[in-house]
Amino acid sequence: MVRVALIAHDDEKPEMIDLVEAYEGVLSELDLVSTGTTGKRIMEETDLTIDRKQSGPLGGDTQIGALVAEDKMDAIVFLRDPLTAQPHEPDISALLRICDVHDVPLATTRTAAEYVLDGVAADIETE
């Protein structure tokens, strides 16, 4: 099964909820992983089940990065707030780097996320 991580900084959580609601049909066919608070919000707003890791500042980004390093992640949607400094910026940078190293698609904007999810949906249809 295709595994996708969903992560959103606080200011981006409403955008993530909107994205997830728009793609709920596709996402319901995937194995979903998320950082703690983002996953909680998504499950409160939808019928999706998500494997929730720690919140980002408590190590959730690192936990998801470990899944990438273990070749257990197919794509990541990480709606980042580029205008606000994050206390766990080194963890975020490590996640971005490990996705590049392992060639895992990583979307950091709504438009990029739509392209990634459309690609995942097309892959599911051809299976």
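Residues numbered from 1 in each chain as written. Predicted model: local features only at pLDDT ≥ 70, side-chain atom pairs only at ≥ 80, totals over all residues. Heavy atoms only, no water.

Student: How would you sum up the pairing of strand 2 (residues 31-34)? Please name residues and give values.
Tutor: Bridge count between strand 1 (residues 3-8) and strand 2: four bridges; the pairing is parallel. Bridge pairing links Leu6 to Ser34 in strand 2. Viewed along the sheet, the connection from strand 2 through helix 3 (residues 36-45) into strand 3 (residues 51-52) turns out right-handed. (Pairing = 2+ DSSP bridges. Helix = DSSP H or I, 4+ residues; strand = E, 2+ residues; numbered from the N terminus. Right-handed = clockwise from strand over helix to strand, strands pointing away.)

Student: Kindly report on the nonpolar core, identifying the contributing residues and their values.
Tutor: Residues Leu6, Met16, Leu27, Leu30, Leu32, Ile42 and Val77 are the most contacted members of the largest nonpolar core, which totals 24 residues. Contributions of two or more residues to this core are made by strand 1, helix 1 (13-22), strand 4 (75-79) and helix 6 (110-126). With five residues, helix 6 is the largest single contributor of residues to this core. With residues up to four places along the chain from it excluded, the contact list for Leu32 reads Val4, Leu6, Leu27, Leu48, Thr49, Ile50 and Asp51. Within the second largest apolar cluster, 15 residues are counted, among which are Ala5, Val68, Ile76 and Val104. (Core = buried A, V, L, I, M, F, W, Y, C linked by side-chain atoms within 4.5 Å. Buried < 20%, exposed > 50% of the residue type's maximum accessible area, 1.4 Å probe, protein only. Contact = heavy atoms within 4.5 Å.)

Student: Outline the sheet that holds strand 2, supporting the account with residue identities and numerical values.
Tutor: In spatial order, the strands read 3-2-1-4-5; together these five strands make up an open sheet with parallel pairing. Bordering the open sheet on either side are strand 3 and strand 5 (106-107), each of which pairs with just one other strand. Docked against the sheet, helix 4 (residues 60-69) engages strand 1, strand 2 and strand 4, running at close to 155° with respect to strand 1. (Axes fitted to C-alpha atoms, helices over the stretch in contact; angles between N-to-C directions.)

Student: Describe the packing of helix 1 against helix 3, with residues and values.
Tutor: It is at 10 Å that the axes of helix 1 and helix 3 come closest, and there the two elements cross at 45°. When the interaxial angle is binned, helix 1 and helix 3 end up oblique. The handedness of the crossing between helix 1 and helix 3 is right-handed. Touching Lys13, Met16, Ile17, Val20 and Glu21 of helix 1 are Thr37, Thr38, Arg41, Ile42 and Glu45, all from helix 3. Of the residues that constitute the contact of helix 1 with helix 3, the class distribution is four nonpolar, two polar and four charged. (Parallel < 35°, antiparallel > 145°, perpendicular 65-115°, else oblique. Left-handed = near helix turned anticlockwise from the far one by under 90°. Nonpolar A, V, L, I, M, F, W, Y, C, P; charged D, E, K, R; others polar.)

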